[in-house]
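Residues per chain are reported as follows:
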Amino acid sequence: MIPPMIAPTSPQAEPQPNPRRTATPSAPPLLEVSDLTKHFLVGGKAGRGRAGGVKAVDGVSFALDRGETLSLVGESGCGKTTTGKSVLRLIEPTAGSVRLEGEELLGLAPSRMRSHRRDMQIIFQDPYASLNPRLSAAEIVAEPMRNFADPAWRGPGALRDRLAWLFAKVGLRPEAMAKLPGEFSGGQRQRLGIARALALKPKLIVCDEPVSALDVSVQAQVVNLLMDLQAEFGLSYLFVAHDLAVVRHISHRVAVMYLGRIVEIAECERLFTDPQHPYTRMLLSAAPIPAPGARTTRVLPIGDPPSALNPPAGCRFHPRCPMARPICRETAPPLIPHGSATGGAHRVACHLVS
Amino acid sequence: MTVPSPQADQAGRPPLLDIRDLRTHFDTPDGTVRSVDGVSYRLEARETLGIVGESGCGKSVTALSVLRLLPTPPARFAGGEIRFQGTDLLGLSEREMRRIRGNRISMIFQEPMTSLNPVLTVGRQIAEAVTLHQKIGRRQAWQRAVEMLRLVQIADPERRAGEYPHQMSGGMRQRVMIALALACHPDLLIADEPTTALDVTIQAQILELLRDLQAKLGMGIVMITHDLGVVAECCDRVVVMYAGRKVEEASVADLFERPLHPYTRALMASMPSLQGRGGRLAEIPGMVPAPQELGTGCAFAPRCPLATERCRRETPDFTGAATGHGVACFEAAPARHQPVVLHRHAGARP
Ligand SMILES: Nc1ncnc2c1ncn2[C@@H]1O[C@H](COP(=O)(O)OP(=O)(O)O)[C@@H](O)[C@H]1O
Ligand SMILES: Nc1ncnc2c1ncn2[C@@H]1O[C@H](COP(=O)(O)OP(=O)(O)O)[C@@H](O)[C@H]1O
Ligand code: SF4
Ligand SMILES: [Mg+2]
Ligand SMILES: [Mg+2]
């Protein structure tokens, strides 16, 4: 990592011990999501007359600590992006609760919400789509800081210093400031997106497939950068990626989603070494292993995931599940603690797992 | 391990595909882009050859050159040969090429919608592909289309044949594209990142399907991917490309056991493993050079920890091909010191 060219000026810049380890048990988690639900109303023949429309997210609950990375995994369309955007209220959830440091965000008036917005940022798979192509890189990173007053960047001199510091933090050269997003490579654009997300000293960053479009060698650079920034600033990440090796590398905990619901959530190592839900097992067994002959047998879910427009009754996985019993077709299994060793941290929603 | 085939096998047949020192350049207003600059690889029937490398290294341009699908200009074949069952494809007329494309050589792409026609039913598209190359009636052609859909394990193929691509999921469309590509039973299938846009579950299904179909139909497959996991799971041999050139070639087992080129080694070290939460990943500093920025010397030299003055001055030749594990690097441990196993690739994968 390139050392900062300018001494850190913001209070946040002081290296902090990872608060994840030190937070007092009584403090509320940084983020607490309960029963989050987002139904999209859809037009056209398919959607008409269906109560609730597309059940993109349908009762999702989790908590995220300071300095922690929780990953959401699952096939495309299972609701990962919708969950991330709902937490940030970039889309308005249909129901549920999102608490940031104990304060409820859903239903909060825009003026009150504004002060929380700066605590929560998002980076996307293709930062290009979210970067104004006509603004210089420096303008792009400065923009959020112009919208939120802070002593750390009050006045042109301080703003310039902070920009220089941010560019150095994400490993972009000072010359990059004058460039347009179109002049950057994919990896550099992602660094730019990260710099913009960092500008307001957020507590939480939703990372929606931030490395999925990058080549392996560049992916390693960005993964390292994200982990360095987390260690330095105690950031929390809600992380979405489809590369399970990246997820295993970067996460503290992992939640597996299927058709709008969490079917299993556990501490990262436990999830990868002792997966319980039939869907989790299949998802993990599907990932190709870069070691010839390592994978000998593989059980895959049958066919494609069904549409969230009309999810199956009972356990939503039952039509693709080789272990399904009659009860699976009728009753939705609740997400309940599995095993006693994990103190309730490992939860599974399957009738066959106790 | 596979020893590169001699000019022809014992039965006197030339290799299925034999690309020799191919140079495909683009003439652009900003100068010549040497996208593919001296690539050679060879493939036999029933064999799967993986082509790996980061984006822009020339994987697709090589493949599109084989099918002569690049408009000339701006593309220009600046050298080399592409022999398919002994015939140099670069010497054929467009008319002759049309008899080969989709018939004896087929290609599938990352995004099925680029090769499927959105306004025709999938059955009709497959049937048309068949009648284009074979003298059979419409009814028979439709029968063949349904058969092909069944072959690629699409449930209820009679009904599905009457559907349009947009009515299908991504995984199903990829199956349709495979059915379309294989409808005339080609000898060679070029698969260009066929599973990159798919979920791992669907990717695993599609790779398994390709394996089954290869065992049934016997075609050779060129599998282009940026994913070393895909290579490990479904290829026999692998070519590693960097900036328009082949930098390493080996059997899959050899490549993973003894990667020789610093780029291959770095690539492997930079992958997070499924083995656990780690510290820092090994980074390859800098980024892939754009072809128009290539100077003299080894293209990897600016990023290479082993680079010497010589590397920056001279372009390393590809050496060690005769051992079955070749590399283009001055500093790589020489492959010729490694034991050579002398047996030819024996058809389907064990
Ligand atoms: N704006 C929208 N209108 C209607 N449906 C949507 C919209 N956004 C997402 N969906 C649907 O919601 C489901 C979940 O989507 P998404 O959250 O993007 O999944 P993921 O990120 O896991 O791929 C999908 O079925 C998707 O088609
Ligand atoms: N029509 C074109 N004109 C100029 N350059 C091209 C053209 N098509 C491809 N290239 C360049 O050739 C190089 C190799 O591209 P490609 O074979 O598509 O790479 P990949 O290995 O990702 O498949 C890239 O740098 C690309 O920019
Ligand atoms: S609840 Fe039933 S259908 Fe669902 S995953 Fe468990 S066994 Fe399979
Ligand atoms: Mg998404
Ligand atoms: Mg390509």
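As a convention, each chain's residues are numbered from 1 in the sequence order in which they are written. Following the order in which they are written, the chains are lettered starting with A and the ligands numbered starting with 1. Predicted model: local features are reported for residues with pLDDT of at least 70 only, side-chain atom pairs are reported and counted for 80 or more only, and whole-chain, interface and lining totals are derived from all residues. Only hydrogens and water are removed before side-chain values are computed, so all heavy atoms of the structure are retained for them.

- Under an unreviewed UniProt entry, the name given to chain B is ABC transporter ATP-binding protein, and the source organism is Azospirillum endophyticum.
- UniProt positions are given in the numbering used here, feature names are shortened, and annotations may be inferred rather than shown by experiment. Heading Subcellular location (unreviewed entry) of the UniProt record for chain B holds this comment: "Cell inner membrane".
- Quoted verbatim from the Sequence similarities (unreviewed entry) field of UniProt, the annotation for chain B is "Belongs to the ABC transporter superfamily."

## Side note on the domain arrangement of chain A
All names here are of chain A.
Line of reasoning, step 1. As annotated, the domain borders come from an automatic or database domain assignment. Taken domain by domain, chain A comprises domain 1 (31–119 + 204–210 + 232–288 + 296–313) and domain 2 (128–201).
Line of reasoning, step 2. A quick way to say it: buried area is the sum, across both parts, of accessible area lost when two parts are put together, with a 1.4 Å probe. It is Arg114, Arg118 and Phe233 in domain 1 that bury the most area against domain 2; as a group they hold 64% of the surface buried on that side.
Line of reasoning, step 3. A salt bridge links Arg118 to Asp150; its shortest N-O distance comes to 2.9 Å.
Line of reasoning, step 4. Contacts described as polar in this section are N or O atom pairs within 3.5 Å, which, within protein, must combine one atom able to donate a hydrogen with one able to accept it, while residues neighboring in sequence count only if both atoms come from side chains. Across the contact surface, domain 1 and domain 2 share five residue pairs in polar contact (both at pLDDT 80 or more).
Line of reasoning, step 5. Put simply, DSSP H or I for four residues or longer makes a helix, DSSP E for two residues or longer makes a strand, and each gets a number counted from the N terminus. For the side of domain 1 that touches domain 2, the secondary structure elements donating two or more residues are α4 (110–117) and α9 (216–233).
Line of reasoning, step 6. Residue classes follow a fixed rule: Ala, Val, Leu, Ile, Met, Phe, Trp, Tyr, Cys and Pro count as nonpolar, while Asp, Glu, Lys and Arg count as charged, and any other residue, Gly among them, counts as polar. A class-by-class count of the residues in the side of domain 1 that touches domain 2 yields four nonpolar, no polar and four charged. Throughout this description, the term salt bridge denotes a Lys or Arg side-chain nitrogen within 4 Å of a carboxyl oxygen of Asp or Glu.

## Points about the side chain of Ser35 of chain B
Residues and elements named next belong to chain B.
Line of reasoning, step 1. On the secondary structure map, Ser35 appears in strand β2 (residues 31–43).
Line of reasoning, step 2. Only protein chains enter the area calculation, which uses a 1.4 Å probe; residues under 20% of their type maximum are buried, those over 50% are exposed, and those in between are partly exposed. Among the residues examined, Ser35 registers a relative accessible area of 10% and is labelled buried.
Line of reasoning, step 3. Should any heavy atoms of two residues lie within 4.5 Å, those residues are considered in contact. Sequence-distant contacts of Ser35, defined by excluding residues within four places in its chain, comprise Thr24, His25, Phe26, Cys57, Gly58, Val61 and Gly244.

## Focus on the interface of chain B and chain A
Line of reasoning, step 1. Every contact between the two is made by 43 residues of chain B and, on the other side, 43 residues of chain A.
Line of reasoning, step 2. Our enumeration of links across chain B and chain A arrives at two salt bridges.
Line of reasoning, step 3. In this structure, Glu233 of chain B and Arg298 of chain A form a salt bridge, with 3.0 Å as the shortest nitrogen-oxygen distance.
Line of reasoning, step 4. Inspection of the chain B/chain A interface yields 12 residue pairs in polar contact (both at pLDDT 80 or more).
Line of reasoning, step 5. Looking at the side of chain B that touches chain A, the element that brings in the most residues is helix α7 (residues 200–217) of chain B, giving seven residues.

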